[in-house]
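# Topology and contacts: notes
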Amino acid sequence: MVTMANAETELVRMRGVDQLDLAEREGRMPPPESRDVVFDVTDLNVRYGSLPALKDVSIRVYKNFVTAFIGPSGCGKSTFIRCFNRMNDLIPIAVVEGSVRYHGEDLYGPRVDPVEVRKRIGMVFQKPNPFPKSIYDNVAFGPRVLGMTDGLDERVEKALGQAALWDEVKDRLKDSALSLSGGQQQRLCIARCLAVEPDVLLMDEPASALDPIATTRIEDLMHDLKQNYTIVIVTHNMQQAARIADMTAFFSVEISDEGKNRTGILVEYDTTPKIFTQPSDKRTEDYVTGRFG
Amino acid sequence: MRVTLQEALDQLEAAIHEEGELVLRALRGALGALEHQDVELADEVIAFDDEVDDTYLAIEEEIQSLLARQTPVAVDLRTVLAILHVNLHLERMADYCVTVAKLTKLVEGAPADQTLMEAFDEMGSRAEEMIRVALDSFAERNVERAESLVELDELIDRANRRAVEQVIAISGDEERREWGLRMIIVSRCLERIGDHAVDIGEQTAFLVTGEFREFTDASH
């Protein structure tokens, strides 16, 4: 029976539980600002020759988060994600201006080795692109190139395990990677990135060529992998961003010079629940609700 | 533009307003039955609740289907969530009308107190006005008007307190005691309808601002 004397204790107990619950929830998802920053991008501009592709983007990517970039075609989201591991260096006419700091260091600094960058910041592409080699050799490729050959078998097994592929391929490691299904090939490509122990995984539309079941497996995988890695994903599929991302950035296209120039801009960057329940910018609202784009 | 989604949202909103009209009819019926001690009308009000329940269920099912198929986000999601709540508040209001009708039947033939009957007339009009303001401000997405429900609710709350005092005043009279006790519940029902109207107002504010906040703090 609750008497007036113990009612207060009861209230304290209830409030205590509430606070615990709150703390637990905060433990799961502390405010982003309190997290370590992996990438700190300031005033980034990318041009292809004289054509501006991306204008004045500033963003912080947080550790152990999945960060999604969404937006209509041509908004520069793929151009942007390629700045995180200097993939744009491979395009001769691409010019990257502004600052991209990775754990505080200038990613485009003169002493930075792009190969080392791509080891620590792996990338998975839209279409699975395994090498025409065995499953084992695909995963062992990176470690061999980088001289990480001690305990190679364990390294390959660990990477395949992390990519949730080990059980499906452990008895056929010598088979060609091309004999795998599309979804398995994509997980193999993820394993190939993981084998060199990266810090960040960049994913450019990693599930857009996959069926819904394979897509779900990739999404589940991202959820598991973010415990140990920081993941940045470009996706056309807004619901995918809503399902998997902690933070979402919405990019759009700014059209100028009578339609001749189409430049990507960052419209809004916030926690995913905020972007999908009460976005601050009308343009984001119009895009996520399907009224534009 | 997602035409299918927009059409579904428009239909839901229209259904909510139809449900609101049904609740207003139930309220007027319940008040009429009470005023004229009309048992037949009270029975009609009780039976009429099935229509409100059917509308409530249809809206509920449509929301389930819409959430599953259209996965609305942002303002569309807030609209669906707000309608989900408004639907429940309207259904509860209709239930209070049924309670008033049932109590009317229970006190058939008992001597009524004129002061209290006049108070119910006033409370009924205020409840009706509040339902209208709640539904209109929701339709207009008018937060300011939705917030005006707090003042209207204060008036109905005061009338409720006066009604209770009046019942206490007449409770010395044995013949009117049972009638009085039952009328306290009638008064409470009308007062609760006002509370639900304020809750609908809060949904309007949520829909517009994206933040849910109670207009008044229950501890005050």
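Moving on, we come to the overall build of chain B. Helix and strand content of chain B: seven helices and zero strands. Helices and strands appear in chain B in the N-to-C order α-α-α-α-α-α-α. Relative to a compact globule of 220 residues, whose C-alpha radius of gyration would be 17 Å, chain B shows 19 Å and is just as compact. Considered along the principal axes of its C-alpha atoms, chain B spans approximately 65 × 40 × 20 Å. A total of 220 residues make up chain B; the buried ones form 39% of that total. Long-range pairs, those at least 24 residues apart, make up 80% of the contacts in chain B between residues at least 6 apart in sequence.

Turning to the overall build of chain A, a few remarks are in order. What chain A contains, in helices and strands, is 11 helices and 10 strands. In chain A, buried positions account for 40% of the 293 residues. Contacts in chain A between residues at least 24 apart in sequence constitute 70% of all its contacts with a sequence separation of at least 6.

This brings us to the interface of chain B and chain A. With nine residues of chain B at the contact, the number on the chain A side is 11 residues. Considered class by class, the residues forming the side of chain B that touches chain A number five nonpolar, two polar and two charged.

A few words now on the nonpolar core. Grouped together as the largest cluster of nonpolar side chains are 79 residues, with contacts concentrated most on Ala-191, Leu-201, Leu-202 and Ile-231 of chain A. Element by element, the count of residues in this core is highest for helix H7 (residues 182–194) of chain A, at six residues.

Here the focus is the environment of Glu-165 of chain B. All names here are of chain B. If you trace the backbone, Glu-165 turns up in helix H6 (residues 149–170). Among the residues examined, Glu-165 registers 9 C-beta atoms within 10 Å and is labelled exposed. Placed 23 residues apart in sequence, Glu-165 and Asn-142 show a C-alpha to C-alpha distance of 36 Å.

So, about the confidence of the model for chain B. Detailed reading of the predicted coordinates is not advisable wherever pLDDT is low. When pLDDT is averaged along chain B, the result is 94, and 98% of the positions lie at 70 or above. For this predicted complex, the interface confidence score (ipTM) comes to 0.72, while the overall pTM stands at 0.80.

Turning next to the packing of helix H1 (residues 3–36) of chain B against helix H2 (residues 39–70) of chain B. Residues and elements named next belong to chain B. Direction vectors running N to C along H1 and H2 enclose 165°, while the axes themselves pass 10 Å from each other. Relative to H2, the element H1 lies roughly antiparallel. The two elements H1 and H2 meet at a crossing, and its hand is left-handed. In terms of residue class, the contact of H1 with H2 is built from 20 nonpolar, four polar and six charged.

Glancing now at unusual backbone geometry. Residue and element names in this part refer to chain A. A positive phi angle, near 60°, is found at Arg-86, a position not held by glycine. Relative to the assigned elements, Arg-86 resides in the loop between helix H2 (77–83) and strand S4 (94–102). The partly exposed category is assigned to Arg-86, around which 19 C-beta atoms lie within 10 Å.

Each value, and the rule that gives it
- Here the residue numbering is sequential within each chain, running from 1 through the sequence in written order.
- Lettering for chains starts from A, numbering for ligands starts from 1, and both go in the order in which the items are written.
- Only residues with pLDDT of 70 or above have their local features reported here, since the model is predicted, and side-chain atom pairs are shown and tallied only from 80 upward, although totals for entire chains, interfaces and linings are computed over all residues.
- In this text, helices come from DSSP runs of H or I with a minimum length of four residues, and strands from runs of E with a minimum of two, each type numbered from the N-terminal end.
- Our radius of gyration looks at C-alpha atoms and nothing else; its globule reference is 2.2 Å times the residue count to the power 0.38.
- Any residue surrounded by 20 or more other C-beta atoms within 10 Å of its C-beta is treated as buried, while 12 or fewer makes it exposed and the intermediate range makes it partly exposed; C-beta atoms here are placed from the backbone.
- Any residue pair is listed as a contact if its two C-beta atoms, each placed from the backbone, are within 7 Å.
- When residues are grouped by polarity, Ala, Val, Leu, Ile, Met, Phe, Trp, Tyr, Cys and Pro land in nonpolar, Asp, Glu, Lys and Arg in charged, and all others, Gly among them, in polar.
- To form a nonpolar core, buried Ala, Val, Leu, Ile, Met, Phe, Trp, Tyr and Cys residues must be joined through C-beta atoms within 7 Å.
- Per-residue confidence from the prediction method is given by pLDDT, with values spanning 0 to 100.
- Axis lines are fitted through C-alpha atoms, for helices just across the contact stretch, and the angle between N-to-C directions can take any value from 0 to 180 degrees.
- Oblique is the label for any angle not covered by the other classes, which are roughly parallel (under 35 degrees), roughly antiparallel (over 145) and roughly perpendicular (65 to 115).
- Handedness of a crossing is defined here by the sense of rotation of the near helix relative to the far one, left-handed for an anticlockwise turn of less than a right angle and right-handed for a clockwise turn.

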